Amino acid sequence: MTYPPGGQPPQQEPQYPPQPEQPTSYPPPPDYPQAGYPPPGPPAGGQPSRKSKIGLIVALAAVILLALGGAVVLGAVLTAQGKGPLASDGKRVEVAIRDFYDTLESKGFRAAAAKACAADRAEFDALPEEQKQEFESATVAVNIDKIENIAIDGEVATAHILGTLTLEVPGQAPDTDTSTTEHLKKEDGKWKVCAASSPKN
């Protein structure tokens, strides 16, 4: 084979388009930390971190403690008011007396009679309507200073009330008492004012 002058073989035209250079190594797997970068975090929507779980537990514990604390405070307040399950019978007797007289002063005899024992309610219901209306026309002013000497004997109790109770009936002079002994009876687990249980009745 002869070469042209210069002694170099002629340049041949490439038969195919040039191929890109192939990489000399494979890329690292996706979870492999690359130099200079922190390891990838959990994928979106994955499990929460341990730190966030601890924060959630602490928050839930705080909510539970607040709820329990509120229940304890509420229980203590109700007990002090004679309304909670731990209130003593003496305190419940006092609450029943105050409730009866508050109702008598603000709503009248008919409403107060509804809070009394069954015997007192029956006695009020048996009154002629004219006499009931006379009671309803009366006004009562009550100021209880102290309830003392509460004595409980099974299902009955007595208590001494100090204060003023003024009864005004139209056409009559006001009648004021400064102290009285109140009788009560326990019915359906509740203390109720019960004049019918006094010795004079």
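Our subject is the structure that appears above.
So, here's what we can say about the structure. What you see is a predicted model, and the numbers here were worked out from it, not measured in a lab.

Examining the environment of C117
Here is step 1 of the chain: As for its placement among the helices and strands, C117 is situated in the loop between helix 3 (109–115) and helix 4 (118–126).
Here is step 2 of the chain: Relative accessible area serves as the criterion here: at 0%, C117 is assigned to the buried category.
Here is step 3 of the chain: Considering only alpha carbons, one finds C117 and C194, 77 residues apart in sequence, at a separation of 5.2 Å.
Here is step 4 of the chain: In this view, C117 contacts E187, K192, V193 and C194; residues no more than four positions away in its chain are not counted.

Some details on the pattern of salt bridges
Here is step 1 of the chain: As enumerated under the stated definition, the model contains 5 salt bridges in all.
Here is step 2 of the chain: Between D89 and K186 there is a salt bridge, with its nearest N and O atoms 3.4 Å apart. Taken together, the residues span a long stretch of sequence, with D89 in helix 2 (residues 89–107) and K186 in strand 3 (residues 175–187) at a distance of 97 residues.
Here is step 3 of the chain: Its salt-bridge partner being K115, residue D99 comes within 3.0 Å of it at the nearest N-O pair. Of this pair, D99 sits in helix 2 while K115 is found in helix 3, placing the two residues 16 residues apart along the sequence.

Considerations on unusual backbone geometry
Here is step 1 of the chain: Positive phi is not limited to glycine here, since N149 has a value of about 50 degrees.
Here is step 2 of the chain: Take N149: it is sitting in strand 1 (residues 139–153).
Here is step 3 of the chain: Non-glycine residue D188 carries a positive phi angle of around 55 degrees.
Here is step 4 of the chain: Here D188 shows up in the loop between strand 3 and strand 4 (190–193).
Here is step 5 of the chain: Residue D188 is classed as exposed on the basis of its relative accessible area of 80%.

Focus: the layout of surface pockets
Here is step 1 of the chain: In this structure, the largest pocket encloses a volume near 1,000 Å³.
Here is step 2 of the chain: Around the largest pocket, the lining comprises 35 residues; the ones closest to its centre are F100, Y101, F109, E182 and A195.
Here is step 3 of the chain: Residue assignment for the lining of the largest pocket shows that the elements contributing at least two residues are helix 2, helix 3, helix 4, strand 1, strand 2 (156–168) and strand 3.
Here is step 4 of the chain: With 8 residues, the top contributor of residues to the lining of the largest pocket is strand 3.
Here is step 5 of the chain: When its residues are assigned to classes, the lining of the largest pocket shows 19 nonpolar, 10 polar and 6 charged.

Thoughts on the state of the cysteines
Here is step 1 of the chain: Tallied over the full model, the rule gives 1 disulfide.
Here is step 2 of the chain: Bridging C117 to C194, the disulfide has an S-S length of 2.1 Å. Torsion about the S-S bond of the C117 and C194 cystine: about 65 degrees, corresponding to right-handed handedness. Taken together, the residues span a long stretch of sequence, with C117 in the loop between helix 3 and helix 4 and C194 in the segment after strand 4 at a distance of 77 residues.

Describing the sheet that holds strand 1
Here is step 1 of the chain: Judged by pairing direction, the sheet is antiparallel, and its 4 strands sit side by side in the order 1-2-3-4 without closing on themselves. Either end of the sheet is taken by a strand with one partner, and the two such strands are strand 1 and strand 4. Direction aside, the axes of adjacent strands within the sheet are offset by 30 degrees on average.
Here is step 2 of the chain: Relative to strand 2, strand 1 runs antiparallel, the two sharing 12 bridges. Pairing of E148 across the sheet is with H160, part of strand 2.

Criteria and thresholds
Residues numbered from 1 in each chain as written. Predicted model: local features only at pLDDT ≥ 70, side-chain atom pairs only at ≥ 80, totals over all residues. Heavy atoms only, no water. Helix = DSSP H or I, 4+ residues; strand = E, 2+ residues; numbered from the N terminus. Buried < 20%, exposed > 50% of the residue type's maximum accessible area, 1.4 Å probe, protein only. Contact = heavy atoms within 4.5 Å. Salt bridge = Lys/Arg side-chain N within 4 Å of Asp/Glu carboxyl O. 1 Å grid on protein atoms, 1.4 Å probe; cavity = no way out; pocket = protein on both sides within 12 Å on 5 of 7 lines; lining within 4 Å. Points joined across faces, edges and corners; volume = space filled by probe spheres on them. Nonpolar A, V, L, I, M, F, W, Y, C, P; charged D, E, K, R; others polar. Disulfide = S-S within 2.5 Å. Pairing = 2+ DSSP bridges. Axes fitted to C-alpha atoms, helices over the stretch in contact; angles between N-to-C directions.

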